[in-house]
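These are the residues of each chain, in order.
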Amino acid sequence: MADFSPGSTLRELVDQRAGANRDNRFLISAETRTDITFGQLQRHARVIENYLNQIGIPRGATAAFMLDNGCWTAVLMLGIMYAGRVVLPLNVVAGSDQLEFIIHHSDLKVIFCSSHYRDEFSDLLGRINPSVRLIECSENDGPAAINAYRPEAINRNNTIDGNSTALMIYTSGTTGRPKGVLLSHKNIIAGGRNTVQAHRLTACDRGLCILPLYHINAEMVSIMSPLVSGGSVVISRRLSITHFWNWIVDHHCTWFSAVPTIFAYLIERRQSGSQPSPDKGQLRKQLRFARSASAALPPATHETFESLFSVPIIETMGISECAGQILSNPIDRRQCKVGSPGIPFGNEIRIVDINQNELGAGRQGEIAVRGDNVMQGYYKNPGESGKALDKAGWFYTGDLGYKDKDGFVFVTGRLKELIIKGGENIAPREIDDVLYRHPSVLEAAAFGVSDKIYGQEVMAAVSLKPNMTCDESTLLGHCARLLGTVKSPRQICILDDLPKGPSGKIQRLKLQTLLEKRGSHNL
């Protein structure tokens, strides 16, 4: 756990770390091994503040970045918040339409952009308001314009508090226009603190950050939690399955956070023999746990990974609107429940019906969250903010689930994704889990389509593991045996890849829309 109270703002937290752990390494490049200490982080943050002051970006204004991962990208993200500005990570895989909407909607004042993204999005960046500054920089060094400034020239008057907005992150917008989630300094510190508490992180722990820094999982879990705990984090420029285990071993990482698809790829490489297997003894000695988040982890993937690598997976659940983690399995593997993202640490969770009345154990309803990690609201969207947040501070997630008798939450799907066939409520997750149990399936997603007789019919799409073959009739038979006729898909489409949103989640509604637009049950 953290050895002191982390204060109410990121500025206080960085200053505390620089005082208590000044020479300890905080950020480490996976590729180059260069590092940044807590003391250097504070100095860089103060230089960034001075630079923003000098170019006329006022406190409370929004500063964005369009960069790959790197030590300086992480410093920039933290430095903007340290300076009392709002940081906006721009998701470079969201597509030009969404990026253009976000850039205009967010009222940002400056974009820090690498040369390769400046070239890739030249048309888009050419259309932005000329009053928005575009500053070219690199992920590891930053722009020379900033480095020319000195921290001594900073006005030390700190006018930010815990309720000041620190981070704006846009939802993926899979069901409409993306929404700008506003997270305060209090929110992001709570997000980091909750992860530290759940995983018992200390200054001795070192994480591996392989997810992009425009992802809430990377921002709050991989960066904020070691800042709170006094630990360190190794940052890779991009995910590399080939180099993954070497990074873990060579940098002495004790934990990492990943999404289910990454676990599936690590399993596939190990089973196919296409990548040398890491030494199990070394992994058991070094890695405390692997953390899964951002999407439901299929039980078959969970069990196979642990069997192959002897590394325990701690399944969790996180939401952008709640500064990352809202649920986690206990760090004691004996207390974990496969198929559940766990219990709350640092926030409250309840399951409610359509009238927002709390439901008892075993009853399915909407998952609601309350705590210091819950967002302030959506930017320039009071209507959606009012729907999502009530006066008592509860955030209604739109996720369906239930609690068992021990208080563990089991997620069954999304309200908008629930399949209602002939009056029967069918959770897509249940069908997914059965499909993942077939040895040929890499990814799976069940969804509903319109049907004249039943209202909705169950469909599914899968992608297969490399060098594996399987046909639809085999998969349909597999489902029929394990699910029965009512819940089994009518059709299973085998695709090269399943559509995913910017956060890596499979987009069921996109599959559903594509199918229904074609007016048939054939992709």
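Residues numbered from 1 in each chain as written. Predicted model: local features only at pLDDT ≥ 70, side-chain atom pairs only at ≥ 80, totals over all residues. Heavy atoms only, no water.

Turning our eyes to something else, we now look at the packing of helix H1 (residues 10–20) against helix H9 (residues 216–229). One can describe the packing of H1 onto H9 by two numbers: an axis separation of 9 Å at closest approach and a directional angle of 55°. Accordingly, the angle class assigned to the pair H1 and H9 is oblique. Crossing handedness for the pair H1 and H9: left-handed. In contact with Leu10, Leu13, Val14 and Arg17 of H1, H9 contributes Met224, Leu227, Val228 and Ser229. (Axes fitted to C-alpha atoms, helices over the stretch in contact; angles between N-to-C directions. Helix = DSSP H or I, 4+ residues; strand = E, 2+ residues; numbered from the N terminus. Parallel < 35°, antiparallel > 145°, perpendicular 65-115°, else oblique. Left-handed = near helix turned anticlockwise from the far one by under 90°. Contact = heavy atoms within 4.5 Å.)

The next subject is the state of the cysteines. Evaluated as defined, the whole model comprises 0 disulfides. Cysteine 113 takes part in no disulfide bond, and the closest cysteine sulfur, belonging to cysteine 137, lies 7.4 Å away. The buried category is assigned to cysteine 113, whose relative accessible area is 1%. (Disulfide = S-S within 2.5 Å. Buried < 20%, exposed > 50% of the residue type's maximum accessible area, 1.4 Å probe, protein only.)

Attention now moves to unusual backbone geometry. The phi dihedral of arginine 200 is positive, around 55°, even though this residue is not glycine. By secondary structure assignment, the location of arginine 200 is in the loop between helix H8 (185–199) and strand S9 (206–209). The phi angle at asparagine 467 is positive, at roughly 65°, despite the residue not being glycine. As for its position among the elements, asparagine 467 is in the loop between strand S23 (455–464) and helix H16 (472–483).

With that out of the way, let us pick up the pairing of strand S3 (residues 62–66). Of all 5 residues in S3, 5 are buried; the element is thus mostly enclosed. Side-chain alternation along S3 places Thr62, Ala64 and Met66 on one buried face and Ala63 and Phe65 on a second face that is also buried. What joins S3 to strand S4 (residues 86–89) is helix H3 (residues 71–82), and the crossover it makes is right-handed. Bridge analysis of S3 against strand S5 (residues 110–113) gives 4 bridges, and the strand direction is parallel. Its bridge partner lying in S5, methionine 66 is registered against cysteine 113. (Right-handed = clockwise from strand over helix to strand, strands pointing away. Pairing = 2+ DSSP bridges.)

Formed by 109 residues in total, the largest nonpolar core has its most connected members in Phe112 and Phe305. A total of 10 residues in this core trace back to one element, the largest contributor, which is H3. Residues within four places of phenylalanine 305 in sequence aside, it is in contact with Trp245, Phe256, Phe263, Leu266, Ile267, Ala290, Ser310, Val311 and Ile313. In terms of nonpolar packing, the next biggest core, distinct from the first, is built from 23 residues, Ala64, Val92, Phe101 and Phe121 among them. (Core = buried A, V, L, I, M, F, W, Y, C linked by side-chain atoms within 4.5 Å.)

A word on the packing of aromatic side chains. Summed over all chains, the structure comprises 12 aromatic pairs. Judged by centre distance (6.3 Å) and plane angle (35°), the rings of tyrosine 117 and phenylalanine 121 are tilted. The pair formed by tyrosine 117 and phenylalanine 121 is uniform in burial state, with each residue classed as buried. Judged by centre distance (4.9 Å) and plane angle (85°), the rings of phenylalanine 244 and tryptophan 245 are edge-to-face. As far as the burial class goes, phenylalanine 244 and tryptophan 245 line up, both buried. An aromatic cluster is built from Phe244, Trp245, Phe256, Phe263, Phe305 and Phe309, whose rings are joined through pairwise contacts. Here lysine 179 stacks its cationic end above the ring of tyrosine 378, 5.3 Å away from the centre of that ring. One cation-aromatic arrangement involves arginine 350 over tryptophan 394; the distance from NZ or CZ to the ring centre is 4.3 Å. (Phe/Tyr/Trp six-rings, centres within 6.5 Å; stacked < 30°, edge-to-face > 60°. Lys NZ or Arg CZ within 6 Å of the ring centre and 35° of its normal.)

Time to look at the sheet that holds strand S24 (residues 491–494). Overall, mixed pairing links the 3 strands, which are arranged S22-S23-S24 in an open sheet. Here the strands that pair on one side only, and so sit at the sheet edges, are strand S22 (441–451) and S24. Taken pair by pair, the neighbouring strands of this sheet meet at an average axis angle of 25°, ignoring direction. Here S23 pairs with S24 via 4 bridges, running parallel. Residue pairing across strands places valine 462 opposite isoleucine 494, the latter belonging to S24. Sheet strands touched by H16: S22, S23 and S24. Its angle to S24, the strand with the most contacts, is close to 135°.

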